[in-house]
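# A look at the structure
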Amino acid sequence: REIFMKYLFVIVLLMQSFFLCAEPALEVKKLLEASPDTIEQSMDSIDSLKMLKKQGVIDEKANVQGDYYHFYFPKKEIVIFGAKLIALDHEYLTDYIGCCVNPGVAVVLKRMDGFNSNEIDAFAKQHSCNINDIEKAHLPDLVIKQVGLANDKAFLFELSCKQNDKIHEY
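To keep things clear, this report deals only with the structure shown in the data block. (Residues numbered from 1 in each chain as written. Predicted model: local features only at pLDDT ≥ 70, side-chain atom pairs only at ≥ 80, totals over all residues. Heavy atoms only, no water.)

Right, let's get into the overall build of the protein chain. Scanning the protein chain for helices and strands turns up 6 helices and 7 strands. Reading the protein chain from its N terminus to its C terminus gives the helix and strand order α-α-β-β-β-β-β-α-β-α-α-β-α. Looking at the protein chain residue by residue over its 170 residues, the buried ones come to 42%. Of the roughly 10500 Å² of accessible surface on the protein chain, a fraction of 55% belongs to carbon and sulfur atoms. (Helix = DSSP H or I, 4+ residues; strand = E, 2+ residues; numbered from the N terminus. Buried < 20%, exposed > 50% of the residue type's maximum accessible area, 1.4 Å probe, protein only. Areas by Shrake-Rupley, 256 points an atom, 1.4 Å probe, with all protein chains shown as cover.)

In structure tokens, the structure reads:
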């Protein structure tokens, strides 16, 4: 009986660490699923961003910010759709500065060994997102420098779930 309790305790610890590691990936997925039209008002997207900040996964303030975009670089490894999260872009209107806000969320991902595109393809189709070659993604120069585009170009891609992606539904 004592041995059983020890095994049970170890299993519970292992499951807890698995769920703690998996949770940030779920929060990123919630952000991607949020409607771009309501990205500022959506409590789901705001709560997910707050959760990632509270867990220390991303900084309180965006690492790279300009016009309407806010890029965060994860401080902890997050695997989503079998790829490593490299950057998270949360775009929204704070103050109108002219034109061209494209509200929503996009992520820069790096394919890992054993990457299978089936899951991300299904997600993109279900949520009207676009999967873009990294060279076709609109990334600020500071972000390009940070993500190591020169070294990892073949492994990097963008999953964009912004308003303009939703307009161009298939």
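Still more to cover.
With that out of the way, let us pick up the nonpolar core. Counting 26 residues, the largest nonpolar core has Val28, Leu32, Phe81, Leu88, Val107, Leu109 and Leu159 as its most contacted members. Going through the elements one at a time, α1 (2-33), α2 (43-54), β4 (83-91), β5 (104-111), α3 (118-126) and β7 (156-162) are the ones with two or more residues in this core. Top element by residues in this core is α1. It accounts for 4 residues. Not counting residues up to four positions away in its chain, the partners in contact with Leu32 are Ile80, Phe81, Val105, Ala106, Val107, Phe123, Cys129, Leu159 and Cys161. Formed by 12 residues, the second largest nonpolar core is a distinct cluster that contains Val108, Ile134, Val147 and Leu156. (Core = buried A, V, L, I, M, F, W, Y, C linked by side-chain atoms within 4.5 Å. Contact = heavy atoms within 4.5 Å.)

Secondary-structure assignment places Lys53 in helix α2. Here Lys53 occupies a buried position and makes no salt bridge, while the nearest side chain of opposite charge, Glu60, is found at 4.8 Å. Not counting chain neighbours up to four residues away, the residues in contact with Lys53 comprise Ile58, Asp59, Glu60 and Tyr72. (Lys, Arg positive; Asp, Glu negative; His and termini not counted. Salt bridge = Lys/Arg side-chain N within 4 Å of Asp/Glu carboxyl O.)

So, on to the packing of aromatic side chains. When we look at a pair of aromatic rings, we describe it by the centre distance and by the angle of the planes. The final tally for this structure, using the stated rule, is 3 aromatic pairs. Their ring planes at 50° and their centres at 5.7 Å tell us that Phe115 and Phe157 sit as a pair that is tilted. One end of the pair, Phe115, is in the loop between β5 and α3; the other, Phe157, is in strand β7, with 42 residues separating them in the sequence. A residue is classified by how much of its surface remains accessible, and Phe115, at 22% relative accessible area, is partly exposed. (Phe/Tyr/Trp six-rings, centres within 6.5 Å; stacked < 30°, edge-to-face > 60°.)

Looking now at the state of the cysteines. Applying the stated rule across the entire model yields 1 disulfide. A sulfur-sulfur distance of 2.0 Å marks the disulfide that ties Cys129 to Cys161. Taking the sign of the torsion about the S-S bond as the criterion, the disulfide between Cys129 and Cys161, at about 110°, is right-handed. You can see Cys129 sitting in the loop between α3 and β6 (130-133) and its partner Cys161 sitting in strand β7, a full 32 residues away along the chain. (Disulfide = S-S within 2.5 Å.)

Next up on the list: the environment of Pro140. If you trace the backbone, Pro140 turns up in the loop between β6 and α4 (141-147). When the C-alpha positions of Pro140 and Tyr69 are compared, they lie 9.3 Å apart, and in sequence the two are 71 residues distant.

Looking now at the pattern of salt bridges. Close approach of charged atoms allows side chains of opposite charge to pair. Per the counting criterion, the structure on display carries 6 salt bridges. For Glu91, the salt bridge identified is with Lys162, shortest N-O distance 2.6 Å. Residue Glu91 is located in strand β4, and its partner Lys162 is located in strand β7; the two are separated by 71 residues in the primary sequence. Lys162 gets classed as buried once you look at its relative accessible area, which sits at 6%. Between Glu135 and Lys153 there is a salt bridge; the shortest N-O distance is 3.2 Å. Taken as a pair, Glu135 in the loop between β6 and α4 and Lys153 in the loop between α5 (149-152) and β7 lie far apart in primary sequence, 18 residues in all. The class for Glu135 is exposed, based on a relative accessible area of 51%. Among the residues examined, Lys153 registers a relative accessible area of 38% and is labelled partly exposed. A single salt-bridge network, built from bridges that share partners, covers Asp89, Glu91 and Lys162.

Everything listed here is a matter of geometry and, on its own, says nothing about what the molecule does.
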